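# Architecture at a glance
Each chain, letter by letter, is given below.
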2 protein chains.
Amino acid sequence: MGSVTHTDNGSSPAAEQAARGRAADTSRGEQTRQAIVSSAIRLFGEAGYEKTTMRAIAADAGVSVGNAYYYFPAKEALVSEFYLELQREHLARVEPILNGGTSFGDRLTAILREGIEVWAPHHAFAGRFIGIAAVPGSPVSPFSTASSESRELATSIFHRLVDSTDVKMDPQLRARLPQLLWLAQLGLVVYWVHDTTPGQRRTRSVVDLAVPYLEYLVGASRMKIFRPLTTRGLTLLEAVWPRAAG
Amino acid sequence: MGSVTHTDNGSSPAAEQAARGRAADTSRGEQTRQAIVSSAIRLFGEAGYEKTTMRAIAADAGVSVGNAYYYFPAKEALVSEFYLELQREHLARVEPILNGGTSFGDRLTAILREGIEVWAPHHAFAGRFIGIAAVPGSPVSPFSTASSESRELATSIFHRLVDSTDVKMDPQLRARLPQLLWLAQLGLVVYWVHDTTPGQRRTRSVVDLAVPYLEYLVGASRMKIFRPLTTRGLTLLEAVWPRAAG
DNA sequence: AGCCACAGTTGAACATGTTCAAGTCGTGTG
DNA sequence: CACACGACTTGAACATGTTCAACTGTGGCT
């Protein structure tokens, strides 16, 4: 119970500029930081989380161990960078899909599939990643305030998807659907991580089966017969996950 | 990708008798083992996972550090013992509920509530626990073959609940409901771990709201109008989670 | 130029999970 | 009884994440 504030943004000496526009920063510190990040990402990808030691990362980046800790409070924080990298790639891959003119379901399938594809080369690493992300208070936790930026980034994908579809659905559901889809994607990743079928084939087929079902459910939400089901479900959702908080 | 077999049962020198009837074993080794386990459980409960060092556990149990590793392959394995302890207590608390004559929903609520109650004193610790349990291949993972015994123990609770209810529902759903409820409980624990409301009040109110909704859904499953929804849902479930495998 | 403040950097020291070669103990056997 | 063998135990050694006091360079101010 000792350390209460795990969401310690701003305490890191190099964090004041972290929130915005780091890409434009070309100062010495930023170069070092980048060297550490890219070394960490590469080594994580090559050897996994456990086998990549902080000493190895520092050596690869050409800095001392202590210096790595000047920029990152812990090894876990470097995992967060790895995650950001993947998320950026997902976003890039998803862009043409969102702009494409296919159906809601097809686009959702494509988005989820790209999510899997981005992670695919790192299935072993992802196992450890999940373990780190699952602990509450960890900056990598998808529910933490520290990751709110990347969370909003991710939900924005589904926001755009939902906003641009003309599929008829309950308006309240429409308002909540982006968050729900984000949650579904989260669950999918967890499922994928535990999927031991070769190449995680099962996860892909689950996507192909689940999306049409989701589409069906969403369409059904506005039908009179399903009214109580929809309404009660949304009420429950509001209790579980109030629109305001995370 | 190095170590493939994480489910290494039987490799531990003291594990051949681990599967059954350890309570009856009174040999020297078993006493030592028990001393380590109870020290670990107590210290975990008192100080959390991180702050409880292996040295502290060993000292408290009156043995050497190396000796602890003779019985347990890693610190994580001791967490598994902690989990078992809680599960046993949950089972004990649930017994009178299952034998009670209240409705399906009331009993389900009571079961889930007791699950929360058992964990309640260890909310902080549970955060770390989730992190360990979430990594695939970990013996503590609820999906691992290593924890199949405790998993079947847990599902047996819901099996008994479902078998003893006369709530009308789709027969296929009935066949799958115990597993689904177990999964729901898992999700509930994850939710509870991340619940930062004082005393995790929100989780409790979620239970109170979700169970009636579940009851409603289950009842609706046999109605003709919901037929496609039910059938398609069960088909999807079979793809996601084949009846045979985990 | 001289100097100051501070970002950046270092490597040794520390804490703790884990391993291992060696030692001890108890029990069955000749 | 003496011995052998295996279960059990030990503590030092090791690996690695993390901390920290000291050092260095750099840019700005007088």
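Note that the structure is predicted; figures quoted are calculated from it, not measured.

## Here's the deal with the side chain of B:Thr203
Relative to the helices and strands, B:Thr203 is located in helix α9 (residues 201–220). Excluding residues that lie within four positions of it along the chain, B:Thr203 makes contacts with B:Ile116, B:Leu188, B:Tyr191, B:Trp192 and B:Asp195.

## Some words on the relation of the copies chain A and chain B
Between chain A and chain B, the superposition needs a rotation of 180° and an axial shift of 0.0 Å, giving an RMSD of 0.0 Å. The superposition operator between the copies reduces to a two-fold rotation axis. Scanning chain A for the C-alpha nearest the rotation axis identifies A:Gly131, at a separation of 2.2 Å. Counting the interface residues of chain A, we find that 100% of their copies in chain B are interface residues as well, pointing to one common contact surface.

## What to know about the UniProt feature "domain: HTH tetR-type" (unreviewed entry) in chain A
Per the UniProt entry, the sites bearing "domain: HTH tetR-type" (unreviewed entry) are residues 30–90 of chain A in this numbering. As a span, residues 30–90 of chain A carries 87% helix and 0% strand, and end to end its C-alpha atoms are 24 Å apart.

## A few points about the packing of aromatic side chains
Applying the stated criterion to the full structure yields 27 aromatic pairs over all chains. When the ring of B:Phe44 is compared with that of B:Tyr49, the centres are 5.5 Å apart and the planes differ by 35°; the resulting orientation is tilted. Assigned by exposure class, B:Phe44 and B:Tyr49 land together as buried. Plain terms: the ring middles of B:Trp119 and B:Trp192 are 6.5 Å apart, the flat faces sit at 55° to each other, and that makes the pair tilted. Here B:Trp119, found in helix α5 (residues 104–119), pairs with B:Trp192, found in helix α8 (residues 171–194); they are 73 residues apart in sequence, far enough to count as distant. For the residue pair B:Trp119 and B:Trp192, the accessibility class agrees, reading buried in each case. Aromatic rings pair up to connect A:Phe44, A:Tyr49, A:Phe82 and A:Phe125 into one cluster. Here the basic side chain of A:Arg232 rests over the ring of B:Tyr216, its NZ or CZ set 4.9 Å away from the ring centre.

## A short note on the protein's contact with DNA strand D
Taken together, 19 residues lie near DNA strand D, and A:Met54, A:Arg55, A:Tyr69, A:Lys75 and B:Ser64 sit nearest. Taken together, the sugar and phosphate atoms account for 59% of what DNA strand D places within 4 Å of the protein. The backbone of B:Ser64 places a nitrogen or oxygen atom 2.8 Å from a phosphate oxygen of DNA strand D. The separation between a phosphate oxygen of DNA strand D and a polar side-chain atom of B:Tyr70 is 3.5 Å. At the level of secondary structure, the elements contributing two or more residues to the surface near DNA strand D comprise α2 (54–61) and α3 (65–71) of chain A together with α1 (28–51) and α3 (65–71) of chain B. With 4 residues, α3(B) is the largest single contributor of residues to the surface near DNA strand D.

## What about the environment of A:Leu173?
Residues and elements named next belong to chain A. Mapped onto the elements of the fold, Leu173 is located in helix α8 (residues 171–194). Residues Leu173 and Ile157 lie 16 residues apart in sequence; the distance between their C-alpha atoms is 17 Å. Ignoring any residue separated from it by four or fewer positions in sequence, one finds Leu173 in contact with Leu180, Val218, Ser221 and Leu234.

## Digging into the packing of helix α6 (residues 123–134) of chain B against α8(B)
Residues and elements named next belong to chain B. Contact geometry for α6 and α8: axes closest at 9 Å, N-to-C directions at 125°. Taken as axis vectors, α6 and α8 run oblique relative to one another. Crossing of α6 against α8: the hand is left-handed. Judged by residue contacts, His123, Ala126, Gly127 and Ile130 of α6 engage Val189, Val190, Trp192 and Val193 from α8.

## A closer look at the interface of chain A and chain B
Contacts between the two partners involve 34 residues from chain A, matched on the other side by 34 residues from chain B. Where chain A abuts chain B, roughly 3,100 Å² becomes buried across the two surfaces, and 72% of that area is made up of carbon and sulfur atoms. Interface area lost by chain A to chain B is led by A:Tyr213, A:Leu229 and A:Arg232, which between them contribute 19%. Our count for the contact surface shared by chain A and chain B stands at 0 salt bridges. Counting across the chain A and chain B interface gives 6 residue pairs in polar contact (both at pLDDT 80 or more). Counting only elements with at least two residues in the side of chain A that touches chain B, the list comes to α6 (123–134), α8, α9 (201–220) and α10 (227–240) of chain A. Of the residues contributing to the side of chain A that touches chain B, the split by class is 24 nonpolar, 6 polar and 4 charged.

Basis of the calculations
- Residues numbered from 1 in each chain as written.
- Chains lettered and ligands numbered in written order.
- Predicted model: local features only at pLDDT ≥ 70, side-chain atom pairs only at ≥ 80, totals over all residues.
- Heavy atoms only, no water.
- Helix = DSSP H or I, 4+ residues; strand = E, 2+ residues; numbered from the N terminus.
- Contact = heavy atoms within 4.5 Å.
- Least-squares fit on C-alpha atoms with pLDDT ≥ 70 in both.
- UniProt positions renumbered as here; feature names shortened; annotations may be inferred.
- Phe/Tyr/Trp six-rings, centres within 6.5 Å; stacked < 30°, edge-to-face > 60°.
- Buried < 20%, exposed > 50% of the residue type's maximum accessible area, 1.4 Å probe, protein only.
- Lys NZ or Arg CZ within 6 Å of the ring centre and 35° of its normal.
- Near = heavy atom within 4 Å.
- Polar contact = N/O pair within 3.5 Å; in protein donor to acceptor, adjacent residues only side chain to side chain.
- Axes fitted to C-alpha atoms, helices over the stretch in contact; angles between N-to-C directions.
- Parallel < 35°, antiparallel > 145°, perpendicular 65-115°, else oblique.
- Left-handed = near helix turned anticlockwise from the far one by under 90°.
- Buried area = accessible area lost by both parts, 1.4 Å probe.
- Salt bridge = Lys/Arg side-chain N within 4 Å of Asp/Glu carboxyl O.
- Nonpolar A, V, L, I, M, F, W, Y, C, P; charged D, E, K, R; others polar.

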